[in-house]
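# Residue-level structure breakdown
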Amino acid sequence: MRKVSIFGATGSVGMSTLDLIRREPDAYEVVALTAHSDVEGLARLARECGAAMAVIGREELYEPLRQALAGSPVRTMAGEEALVEAAQAGADWSMAAIVGCAGLRPTMAALRAGGTVALANKESLVSAGLLMMDAARASGATLLPVDSEHNAIFQCLAGSGLDEVARITLTASGGPFRTFTRDRMRAITPAQAVAHPNWSMGAKISVDSATMMNKGLELIEAAHLFPIGTDRIEILVHPQSVIHSMVEFRDRSTLAQLGSPDMRIPIAHALAWPRRIATPCQPLDLARIGRLDFEAPDEDRFPALRLARQAVRADGAVPAILNAANEVAVAAFLEGAIGFLDIAAIVEDVVNRYSVAVPRGIDDVLAADAEARAVARQVMERLTV
Ligand code: NAD
Ligand code: MG
């Protein structure tokens, strides 16, 4: 029996993880499930899989959660500290699938506790990559990448040393607006932006895919997970999302990982690693797909790519500032407060406007994150008056 916890259980990655776990109920014991505000959803999942504890992120929802789980043996908790406590509750395997920098403290706590951490929550690694990698080294935790590209790279490496790697190619679908002119992008609505052509995902990452900030965040994520120097990490647009990424070795042999665009494949890899388990996912039918296309990314139409590359070169707190500004701008776009092109413009403005010292600990990162959010709101106010 493997003891597992899922942070962000009610989300897209969280539900996909639970889907795999429920297919083999005897193999897993669920320690903790968490959600931000969906009390009913969390309570249902916790009952269904017999979780030992259910944690709701919003403190004021403690009472509704307690009532929803009354009469069950599930222990209920609420608030940010409770998320951290849940990360130290004895799971051998944790899925970090909270969206945004909100996942940083629980993910750090899980890494410090020393088990295996399957990481979907890329924003935490973008904001605090060095600190997270250090924490994993110090505790002996195993960090397994779940983001499909990074999971693909991890699979291609298959134990090879990074000194044997010449180049990493992160593939990108290009999102729903891959062929749009800047002028056409001006009128993009939230509903259009969340409808990704290949993947079904949460709203925030769908918008990030549409602006290609997702690929920018993934570049920073890759720079921490596979430190070969960012100049040797390339982005290649591949609209079919069949090749999930590639590694070229120094002998000029290139390995790629392929599969249907279904997050349950990389999640299953992280769940069973170093073994393999069966999944209900579609087998790859290349004859039906017919062809695979590739094109260079366009940083003029998708400035988020350029901003992320600048941020990873600048390092220090800049990636955290980039991420925080992006989180604020994406939320505002989803609420209809700003336009699609404003997202990258706001991020650029915030990143250029201010700098803070290199973070020495998680508190410094969270302070830079909070400050960048405040600056982003100011920039947005000027934009919308
Ligand atoms: P989602 O919006 O579907 O789910 C997010 C989860 O986080 C929910 O359970 C929600 O309750 C919880 N949450 C949100 N805000 C929170 C807060 N402030 N405190 C505590 N919990 C909070 O998101 P998703 O698409 O599942 O993505 C989750 C993470 O995985 C993101 O970092 C995303 O970039 C990454 N990821 C997702 C996919 C995908 O296919 N969905 C692929 C690769 C990487
Ligand atoms: Mg990805």
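Residues numbered from 1 in each chain as written. Chains lettered and ligands numbered in written order. Predicted model: local features only at pLDDT ≥ 70, side-chain atom pairs only at ≥ 80, totals over all residues.

An unreviewed UniProt entry lists the protein chain under the name 1-deoxy-D-xylulose 5-phosphate reductoisomerase, with Sphingobium cloacae as the source organism. What UniProt records for the protein chain under Function (unreviewed entry) is the sentence "Catalyzes the NADPH-dependent rearrangement and reduction of 1-deoxy-D-xylulose-5-phosphate (DXP) to 2-C-methyl-D-erythritol 4-phosphate (MEP)." For the record of the protein chain, the UniProt heading Sequence similarities (unreviewed entry) holds the text "Belongs to the DXR family." (UniProt positions renumbered as here; feature names shortened; annotations may be inferred.)

The next subject is the UniProt feature "binding site: Mn(2+)" (unreviewed entry) in the protein chain. Per the UniProt annotation, the sites labelled "binding site: Mn(2+)" (unreviewed entry) are Asp147, Glu149 and Glu218. Look at the named residues: they lie 72 residues apart in sequence, but the longest C-alpha span between them is just 8.3 Å, so in the fold they bunch up. Counting through the fold element by element, Glu149 comes out in helix H7 (residues 148-157). If sequence neighbours within four positions are ignored, Glu149 has contacts with Leu170, Thr171, Glu218, His244 and Ser245. On the neighbour-count criterion, Glu218 (28 C-beta atoms within 10 Å) is buried. Not counting the four nearest positions on each side in its chain, Glu218 is found in contact with Lys122, Asp147, Glu149 and Leu170. (Helix = DSSP H or I, 4+ residues; strand = E, 2+ residues; numbered from the N terminus. Contact = placed C-beta atoms within 7 Å. Buried ≥ 20, exposed ≤ 12 C-beta atoms within 10 Å, placed from the backbone.)

It is worth spelling out the sheet that holds strand E9 (residues 233-237) at this point. Spatially, the 4 strands line up as an open sheet ordered E9-E8-E10-E11, and their pairing is mixed. At either margin of the open sheet sits one strand with a lone partner, and together these are E9 and strand E11 (254-258). Geometrically, the sheet is characterised by an average inter-axis angle of 20° between neighbouring strands, direction not taken into account. Across the sheet, H7 touches strand E8 (165-172), strand E10 (243-249) and E11, and the angle it forms with E10 is around 40°. Sitting on the sheet, helix H11 (residues 213-225) is in contact with E8 and E9, with an inclination near 155° to E8. (Pairing = 2+ DSSP bridges. Axes fitted to C-alpha atoms, helices over the stretch in contact; angles between N-to-C directions.)

Overall, parallel pairing links the 7 strands, which are arranged E4-E3-E2-E1-E5-E6-E7 in an open sheet. At either margin of the open sheet sits one strand with a lone partner, and together these are strand E4 (75-78) and strand E7 (142-145). Ignoring strand direction, the axes of neighbouring strands in this sheet form an average angle of 20°. Relative to strand E5 (residues 93-96), strand E1 (residues 2-7) runs parallel, the two being bridged by 4 bridges. Its bridge partner being in E5, Ile6 is matched across the sheet by Met95.

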